[in-house]
Amino acid sequence: MRLGAMFIMVISSTACLFTMPLIASAEGKTEITWLGHAAFRITTPTGKVLLVDPWIDNPVNKKGSDLVAAMDRTDLILLTHGHGDHVGNSVEIAKKTGAKLVATFDLGRAMVQFGGFPSQQWGVETGGHFGGEIALLDGEVKVTFVPALHGSGLEAVEDSALAKKSVYAGNPGGFIIAIKNGPVIYHTGDTDLFSDMALVGKFATVDIMLACIGDRFTMGPKRAAHAVRLVGPAVVIPMHYGTFPLLTGTPEQFGQEMKREKVKAKMQALKVNESMTWK
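This report concerns the structure included in the present document.

Cut-off values and rules
- Sequence order as written defines residue numbering, which begins from 1 separately in each chain.
- Thresholds applied to this predicted model are a pLDDT of at least 70 for local features of residues and 80 or more for the giving and counting of side-chain atom pairs; totals over whole chains, interfaces and linings are not thresholded and use all residues.
- Here the side-chain values reflect all heavy atoms present in the structure, with hydrogen atoms and water set aside.
- Buried residues are those whose accessible area, probed at 1.4 Å on protein chains only, stays under 20% of the maximum for their type, while exposed residues exceed 50% and partly exposed ones sit between those limits.
- Only DSSP runs of H or I with at least four residues qualify as helices, and only runs of E with at least two residues qualify as strands; both kinds are numbered from the N terminus onward.
- The directions considered for the arc are those from the helix axis to the C-beta atoms.
- Contacts: residue pairs with any heavy atoms within 4.5 Å of one another.
- Nonpolar side chains (Val, Leu, Ile, Met, Phe, Trp, Tyr) are joined into patches within 5 Å and like charges within 9 Å, using only residues with over 30% relative accessible area and no salt bridge.
- Using a 1.4 Å probe, the Shrake-Rupley method yields the accessible areas, and only the shown protein chains count as cover for residues.
- For this document, the term salt bridge refers to a Lys or Arg side-chain nitrogen within 4 Å of an Asp or Glu carboxyl oxygen.
- Throughout, nonpolar core names a set of buried Ala, Val, Leu, Ile, Met, Phe, Trp, Tyr and Cys residues whose side chains join them through atoms within 4.5 Å.

Moving on, we come to helix α7 (residues 221-231). Within the span of α7, buried status applies to P221, A224, A225, A227, V228 and V231. On an axial view of α7, the arc spanned by its buried residues comes to 160 degrees, and they lie on one face. In α7, the exposed residues that point more than 90 degrees away from the buried face are K222 and R229. Lining the buried residues of α7 we find β13 (184-187), α6 (197-203), β14 (208-212), β15 (235-239) and α8 (251-260). Where α7 terminates, the next one or two residues include G232, which has phi positive at roughly 75 degrees.

Among the secondary structure elements, N181 is positioned in the loop between β12 (173-179) and β13. According to the relative accessible area criterion, N181 is exposed, its value standing at 66%. Along the chain, N181 and G242 lie 61 residues apart, while their C-alpha atoms are 33 Å from each other.

Although it is not a glycine, L137 adopts a positive phi angle of roughly 55 degrees. Along the polypeptide, L137 turns up in the loop between β8 (133-136) and β9 (141-147). A positive phi is found at N273, a non-glycine position, where the angle reads about 70 degrees. With respect to the helices, strands and loops of the structure, N273 is situated in the loop between β16 (266-267) and β17 (274-278). On the basis of relative accessible area, N273 is assigned to the buried category, the value being 8%.

A surface patch of nonpolar side chains, about 280 Å² in accessible area, is lined by F217, F244 and L246. Mapping F217 onto the fold places it in the loop between β14 and α7.

Looking now at the environment of V143. Mapped onto the secondary structure, V143 falls in strand β9. Between the alpha carbons of V143 and K165 there is a distance of 30 Å; along the sequence they are 22 residues apart. Apart from residues no more than four positions distant in its own chain, V143 is found in contact with L78, V102, G132, E133, I134, L136, F175 and I176.

With 54 residues, the main nonpolar core has L78, V102, I177, Y186, I208 and M209 as its most contacted residues. Excluding anything up to four places from it in sequence, Y186 contacts V146, F175, I176, M197, V200, V206, I208, M209, L210 and V231. Membership of the second largest hydrophobic core comes to 26 residues, among which are L35, M71, I93 and A169.

By the definition in use, this model includes seven salt bridges. Across the salt bridge formed by R109 and D106, the nearest N and O atoms sit 3.3 Å from each other. Here R109 and its partner D106 are both found in helix α5 (residues 105-113), three residues apart, which amounts to about one turn of the helix. Under the relative-accessibility criterion, R109 is labelled partly exposed at 41%. Across the pair R260 and E257 runs a salt bridge, and its minimum N-O distance is 3.0 Å. With R260 and E257 both in helix α8 and three residues apart, this pair spans about one turn of that helix. You can call R260 exposed: its relative accessible area is 59%.

Here's what the structure looks like:
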């Protein structure tokens, strides 16, 4: 996988964003699109669609609301933790598309009981916990649940028993997403640097790491650069930066820190709604 050919494709219109991934998939490629903040769309070589932390109408995605409205295909929604800037549009998308929720049991239960997620689209077949791996979509996707250092309170929706109160949603985490005939992707979730990140690289050959760099609520550029060194991916895509003024880390700072750390990974800073394709 490390020798796979990679190229960047910029998608400029709402319609193209949700039709062109299927064309790329037909050619046997995996497409990864950054939707701003920590939200990513992953399209597998056979056209299956995964959304990770789909807060799509975030402040930096000017087309976000239109993208959600136009969305007609999602197979899986993966949530790293319960904060609103990661749960985002997941409930609306699930109701529109029938997408199933992939999350730890505590988070999945909270999303159904208090977050408004359709109960029939969540269950034991798509749930797990840290250290566990599950096979999904007839084995085309394998997901391993890994820890993160952060919080995970979920704000209950208005028609729940605990309306507008923060409820327990389990521990925060990240995902190792292995795509059949495609890359192994590590989405860190919101996290600080921690030494056990080295174990991610020990048990999985990570091709693409999606790493938070914004600081204040997650690790900043310096600590993120060291995290990349521990994991050892081929490519790293920075995320969770620039959404709000408080998120001060930048890709430029991240790149400088990676040089200081002598990290071998290639940094690929995507623009919002820009895609990277891996074959």
